[in-house]
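Here are the chains, one letter per residue:
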Amino acid sequence: TRFRLVMPLTTVVTQVVLLRAGSRSIAVPSHLVELVQRQPLEQVQQAAHDGQYLYGGLRLPFYWLGALLGGSGHSLEMAGARTLPLVVVRSAQQRVALQVDEVLGSHEVVVKNLGPQLSRVPGLAGISLLASGEVALIYNPVALAHWYGAAALAHAQQSQVAELASPADAPEVLAPLVMVVDDSLTVRRVTQRLLDREGYRVLLAKDGMDAMEKLS
């Protein structure tokens, strides 16, 4: 019997800041994060309306992180909030301001090789596993804004128009609900993220029996 062990010669360890937008969380390298603070709701709403955030005499492009990731056009957790988290990210000489739902803290992670397929995804800088076992995608938000900024702003403006056009007492319209049944946790999570990005609600089941119980 022959055993072949492949050992990495170098390991990249870096500090990241975890940011949450809706149900999605991403990691951003700490050296890219210039500022983390909470701002009054009115100021964040004004920045979202203008698409710009005033910072140190500069007008920075302003985005809702969820829209950059292809999710909702605006945060669903703004109602009733007095202040909201805001993050300024800098890469090279470019800065962007991001509205997020939560800053989950700083972590030291080992960066994994993306491979030839994922290395072509715009804005994706690396991938890691957290202590909880969850996969953390490491993004450069400035690169995300370069590729998807225009679409994110258009999505946000459409959401604002839809809110103004709909009466406050209009019944809530829920997205279609999809159940994903698979015995592989990885397959369930990957499929869930794919459906989340397309706007579906997702229910997970680990096998047929679990699916039948949830259906009932």
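Residues numbered from 1 in each chain as written. Predicted model: local features only at pLDDT ≥ 70, side-chain atom pairs only at ≥ 80, totals over all residues. Heavy atoms only, no water.

A. Inspection of the overall build of the protein chain at higher detail. The helix and strand inventory of the protein chain stands at six helices and twelve strands. Each of the 216 residues in the protein chain was classed as buried or not, and the buried ones make up 36%. Summarising the internal contacts of the protein chain: among those between residues at least 6 apart in sequence, 60% fall at separations of at least 24. In the protein chain, the 18 positive side-chain charges and the 18 negative ones have mean positions that sit 10 Å from each other. (Helix = DSSP H or I, 4+ residues; strand = E, 2+ residues; numbered from the N terminus. Buried < 20%, exposed > 50% of the residue type's maximum accessible area, 1.4 Å probe, protein only. Contact = heavy atoms within 4.5 Å. Lys, Arg positive; Asp, Glu negative; His and termini not counted. Charge placed at Lys NZ, Arg CZ, Asp CG, Glu CD.)

B. Quick look at the side chain of N140. Within the secondary structure, N140 sits in the loop between β10 (135-139) and α4 (141-165). Judged by its relative accessible area of 17%, N140 is buried. Looking at N140, its side chain comes within polar contact range of the side chain of S91, at 3.3 Å. Once residues lying within four places of it in the same chain are set aside, the contact partners of N140 are L32, S91 and G123. (Polar contact = N/O pair within 3.5 Å; in protein donor to acceptor, adjacent residues only side chain to side chain.)

C. How the structure looks around the nonpolar core. Membership of the largest hydrophobic core comes to 26 residues, with the highest contact counts inside it found for L19, Y63, L65, L68, V89, V96 and L98. Among the secondary structure elements, those contributing two or more residues to this core are β1 (12-21), β2 (24-29), β5 (58-64), α2 (65-68), β6 (83-91), β7 (94-99), β9 (124-129) and α4. If you tally residues by element for this core, the top one is α4, at four residues. For L68, the contacting residues outside a window of four places in its chain are Y63, L98, P141, L144, A145, Y148, G149 and A152. (Core = buried A, V, L, I, M, F, W, Y, C linked by side-chain atoms within 4.5 Å.)

D. View of the pattern of salt bridges. Taken as a whole and judged by the stated rule, the model has four salt bridges. A salt bridge links K214 to D210, with the shortest nitrogen-to-oxygen separation between them at 3.6 Å. Of the two residues, K214 and D210 both sit in helix α6 (residues 208-215), four residues apart, roughly one turn of that helix. On the basis of relative accessibility, which here comes to 15%, the residue D210 falls in the buried class. One salt-bridge network, held together by shared partners, links R20, E77 and E102. (Salt bridge = Lys/Arg side-chain N within 4 Å of Asp/Glu carboxyl O.)

E. Geometry of the environment of V100. Along the chain, the position of V100 falls in the loop between β7 and β8 (102-111). Once the C-alpha coordinates of V100 and G66 are considered, the two residues, 34 residues apart in sequence, prove to be 7.7 Å apart.

F. Highlighting the side chain of S75. Note on placement: S75 falls in the loop between α2 and β6. Judged by its relative accessible area of 2%, S75 falls in the buried class. Looking at S75, its side chain comes within polar contact range of the main-chain nitrogen of E77, at 3.1 Å. Polar contacts involving the side chain of S75 include one to the side chain of D101, which spans 2.5 Å. Non-local contacts of S75, meaning those with residues more than four positions away in its chain, are made with W64, Q99 and D101.

G. Here's a closer look at helix α5 (residues 185-197). In this model α5 runs 18 Å from its N-terminal to its C-terminal C-alpha over 13 residues, within 8% of the 18 Å that 1.5 Å per residue would give. Residues of α5 that are buried include every one of R188, Q192 and L195, and no others. When α5 is viewed along its axis, its buried side chains cluster within an angular range of 70 degrees and face the same direction. Packed against the buried residues of α5 are β11 (177-181) and β12 (201-205). G199 sits one or two positions beyond α5 and adopts a positive phi of about 95 degrees. (Expected span 1.5 Å × (residues − 1). Arc of directions from axis to C-beta.)

By themselves these figures say nothing about function.
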